[in-house]
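# Analysis of the macromolecular model
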Amino acid sequence: MIDLHCHTLHSDGTDTSEGLALLGDEARLTALCLTDHDTLGGIPTFLAMQPRVKVRLLAGTELSCRFLGQSLHVLGLLVDPADLRFQARLEQLRGRRHDRNLRMILRLAELGCAITLEDVQAQSDTPLLSRVHFAKALAARGVVRRAPEAFERLIGDDCPGFVPREELSPAEACRWIREAGGVPVVAHPGRFGGRGFRWDDAMAELQREGVEGLEGYYGEYRASEQKYFVSLAQRLGMVVTGGSDYHGGNKLGLRLGRGRGGLKVPDDLIDHLEKQQRLGTYR
Ligand code: AMP
Ligand code: MN
Ligand code: MN
Ligand code: MN
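What counts, and where the lines are drawn
Residues numbered from 1 in each chain as written. Chains lettered and ligands numbered in written order. Predicted model: local features only at pLDDT ≥ 70, side-chain atom pairs only at ≥ 80, totals over all residues. Heavy atoms only, no water. Donors = N, O, S within 2.8 Å, 3.2 Å for Na, K, Ca; no water. Helix = DSSP H or I, 4+ residues; strand = E, 2+ residues; numbered from the N terminus. Salt bridge = Lys/Arg side-chain N within 4 Å of Asp/Glu carboxyl O. Buried < 20%, exposed > 50% of the residue type's maximum accessible area, 1.4 Å probe, protein only. Phe/Tyr/Trp six-rings, centres within 6.5 Å; stacked < 30°, edge-to-face > 60°. Arc of directions from axis to C-beta. Contact = heavy atoms within 4.5 Å. Near = heavy atom within 4 Å. Polar contact = N/O pair within 3.5 Å; in protein donor to acceptor, adjacent residues only side chain to side chain. Areas by Shrake-Rupley, 256 points an atom, 1.4 Å probe, with all protein chains shown as cover. Nonpolar A, V, L, I, M, F, W, Y, C, P; charged D, E, K, R; others polar. Pairing = 2+ DSSP bridges. Axes fitted to C-alpha atoms, helices over the stretch in contact; angles between N-to-C directions.

## Regarding the coordination of the manganese ion (ligand 3)
Donor atoms from the polypeptide that coordinate the manganese ion (ligand 3) comprise Glu 62 (OE), His 73 (ND1) and His 188 (NE2), at 2.1 to 2.2 Å from the metal. Counting gaps between the donor residues of the manganese ion (ligand 3) yields the pattern E-x10-H-x114-H. Between the manganese ion (ligand 3) and the manganese ion (ligand 2), a spacing of 5.5 Å is present. Linking Glu 62 in strand β3 (residues 56-67) with His 188 in the loop between β5 (183-186) and α8 (199-208), this pair joins segments that are 126 residues apart in sequence.

## Some words on the pattern of salt bridges
Applying the stated criterion to the full structure yields 21 salt bridges. The partner of Asp 119 in a salt bridge is Arg 141, with the nearest N and O atoms 2.9 Å apart. Here Arg 141 lies in the loop between α5 (131-140) and α6 (147-155) and Asp 119 lies in helix α4 (residues 117-121), a separation of 22 residues in the sequence. For Asp 119, a relative accessible area of 12% gives the class buried. Take Arg 141: its relative accessible area is 52%, and that puts it in the exposed class.

## Description of the packing of aromatic side chains
Considering all chains together, one arrives at eight aromatic pairs under this definition. Aromatic side chains Phe 67 and Phe 192 sit 5.9 Å apart centroid to centroid with 40° between the ring planes, which places their arrangement in the tilted category. Linking Phe 67 in strand β3 with Phe 192 in the loop between β5 and α8, this pair joins segments that are 125 residues apart in sequence. Taking the relative accessible area as the measure of exposure, Phe 192 reaches 7% and is therefore buried. Plain terms: the ring middles of Phe 67 and Trp 199 are 6.3 Å apart, the flat faces sit at 10° to each other, and that makes the pair stacked. One end of the pair, Phe 67, is in strand β3; the other, Trp 199, is in helix α8, with 132 residues separating them in the sequence. Comparing Phe 67 with Trp 199 shows no difference in burial state: the two are buried. In this structure an aromatic cluster arises from ring pairing among Phe 67, Phe 192, Phe 197 and Trp 199.

## Focus on helix α1 (residues 17-26)
All buried positions along α1 are accounted for by Ser 17, Leu 20, Ala 21 and Gly 24. One side of α1 carries all its buried residues, which in axial view fall inside an arc of 100°. On its buried face, α1 sits against β2 (31-34), α2 (43-47) and β3. Following α1 by one or two positions, Arg 28 adopts a phi angle in the positive range, close to 60°.

## Looking at the site of ligand 1
Asp 12, His 37, Arg 97, Arg 100, Ser 130, Arg 131, Val 132, Phe 151, Arg 165 and His 247 make up every residue found near ligand 1. Between His 37 and ligand 1, the recorded distance is 3.2 Å, taken from a side-chain N or O atom to an oxygen atom. At a separation of 2.6 Å, an oxygen atom of ligand 1 approaches a polar side-chain atom of Arg 100. The fraction of the free accessible surface of ligand 1 (500 Å²) that becomes covered by protein chains is 72%. Contributing elements (two or more residues each) for the shell around ligand 1: α3 (84-110) and α5. Looking at side-chain class alone, the shell around ligand 1 contains two nonpolar, three polar and five charged residues.

## Topic: the sheet that holds β3
Taken in spatial order, the seven strands of this open sheet run β1-β2-β3-β4-β5-β6-β7, and their pairing is mixed. Two strands close off the open sheet at either side, each with one partner strand: β1 (2-3) and β7 (239-243). Judged from the two bridges that link them, β5 and strand β6 (residues 213-218) form a sheet pairing that is parallel. By the bridge assignment, Val 185 is partnered in β6 with Gly 213. Relative to the sheet, α1 contacts β2 and β3, its axis offset from that of β2 by approximately 155°.

Structure (structure tokens):
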């Protein structure tokens, strides 16, 4: 069993990267890839745990793109954490995130929900601030009773207090990931699109833009979704990956390696992923 999608407190999870490595061992995983949003901040301490754990520790990240008018997440699996150009590119993304965060504070003030940047920072153990920390800050200030209510009323994707950030094109994200030695993979495609949306053509389009794989196994998929996405990847000749999208206490009920309980990502996916990394389909 492996898990190629999870978060620590370096983005919007609650575990330390050391703690996550230990949890991977406890869950008896054979491989674990850390994929925090827009940062490799947790990777050095994560990889430094390798001598203490049996589970193979791998480096990754998760980037947000704009595709068909919606946010599409692309995982960069097996990226080289020492790649300076990639680090600078991620820093640029974090700058855009910071601008968005400042605008969101102004927007929330207009809505009568006064919180400061310091309130949001107080909810995060690391410099990266995400909506998860906004939700906690809004709860701490008494604007909402509990953090999930903030997503329902104020800062969820379709809510009045949400401010989008400038997102990459899928082609750009794929190029950045490839140039950092990683494999670009569509994260949780099942969470994208609305009623009636079919991935068949859209995934082929993304493949033309440089996407090489898709998350066929995911912590929150129904069995039918897993079957559909694994077979779609086979039809298109894309690599299949899988992970829980574990966020610790910030996404209750999702367990590392196990998702909501039914997840079991096969070990041999890692061999195909590494082969894809070596041989690539990207031109
Ligand atoms: P951001 O990257 O700052 O826009 O924040 C996005 C993060 O907020 C996601 O990665 C999730 O962890 C979390 N999130 C987004 N929408 C919801 C929601 N409706 N309920 C709970 N968490 C959410
Ligand atoms: Mn997240
Ligand atoms: Mn995601
Ligand atoms: Mn994720």
